[in-house]
Amino acid sequence: MSFLPSLPPNAVLLDVFKAFPGPAMPLLEYHQVLMRGPSPFSTGDRELIAAYVSGLNACRYCHGVHQATAEAFGVSEGLVSALLSDLAAAPISERMKPVLRYVRRLTETPSRVTEADARAILHAGWDERALYHAASVCALFNLMNRVVDGLGISAGPAYFALASERLSAHGYTGLLRLLEKRDD
């Protein structure tokens, strides 16, 4: 239930963005560049990181949307749950595991991230851009998890599927277009 009295009780994040388009528009532009622009990580990998971080934070809304979106981009169904249960045993490439260990530490204990955590990503064959993208996607979804949970935004599987379809087909630019169509 939304904590914003001006929004309906079943408000979703798009409703929040429509209510506050000034800060929402540059935030969505950043989402588009980071999540759909050039990156060492595939779109599916970036959505996987978003879902994983959101799962670590127990942000049901962001976890649901981004898990469904990751799956739409080819991530195996159930992989995010497996990662959250036991990263070491999860069926994911050895190259991706240090990235996920890094974002876990950055999410759960950011002051304890060390050079060794970052170096593990580089030793796995990723470059500095990958380290930057991993930190940035992690940070973005920690921010989004706090906004969503702090405003009492929630939804269920039907909405997760709708949001995933929208993000898969149009990226975050599609959300920007929806904001630009406001009736002011």
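Model, not experiment: these values are computed from the prediction. For every chain, the first residue of the written sequence is number 1, and numbering continues from 1 onward in sequence order. Local features in this predicted model are restricted to residues of pLDDT 70 or higher, and side-chain atom pairs are both shown and tallied only at a pLDDT of 80 or more, whereas totals for entire chains, interfaces and linings draw on every residue. Side-chain numbers here rest on the full set of heavy atoms in the structure, without hydrogens or water.

Points about the pattern of salt bridges
Inference 1: Whenever Lys or Arg places a side-chain nitrogen within 4 Å of a carboxyl oxygen from Asp or Glu, that contact is recorded as a salt bridge. Following the criterion strictly, the structure yields 5 salt bridges and no others.
Inference 2: Across the pair Lys97 and Glu94 runs a salt bridge, and its minimum N-O distance is 3.1 Å.
Inference 3: Throughout this description, buried means an accessible area under 20% of the type-specific maximum (1.4 Å probe, protein chains only), exposed means over 50%, and partly exposed covers the range between. By relative accessible area, Lys97 is classed as buried at 5%.

Thoughts on unusual backbone geometry
Inference 1: Of note, Ala58 is a non-glycine position whose phi angle comes to about 55 degrees, a positive value.
Inference 2: Of note, Ala58 is situated in the loop between α3 (43–56) and α4 (60–72). Runs of H or I in DSSP of at least four residues are treated as helices and runs of E of at least two as strands, each being numbered from the N terminus.

What to know about the environment of Ile92
Inference 1: Looking at the secondary structure, you find Ile92 in the loop between α5 (79–85) and α6 (97–108).
Inference 2: Given a relative accessible area of 16%, Ile92 falls into the buried group.
Inference 3: In this structure the C-alpha to C-alpha distance between Ile92 and Arg60, which are 32 residues apart in sequence, comes to 22 Å.
Inference 4: Note on contacts: a residue pair qualifies if any of its non-hydrogen atoms lie within 4.5 Å across the two residues. Aside from chain neighbours lying at most four places away, what touches Ile92 is Leu48, Leu79, Leu83, Lys97 and Leu100.

Looking at the nonpolar core
Nonpolar side chains in soluble globular proteins tend to end up buried together.
Inference 1: We call a set of buried Ala, Val, Leu, Ile, Met, Phe, Trp, Tyr and Cys residues a nonpolar core when their side-chain atoms join them within 4.5 Å. Ranked by size, the top nonpolar core spans 60 residues in total, and within it Tyr61, Leu83, Leu100, Val103 and Phe141 carry the most contacts.
Inference 2: It is helix α8 (residues 128–150) that contributes the most residues to this core, 9 residues altogether.
Inference 3: With sequence-adjacent residues up to four places away left out, Phe141 is seen in contact with His31, Met35, Ala50, Val53, Ser54, His66 and Tyr172.

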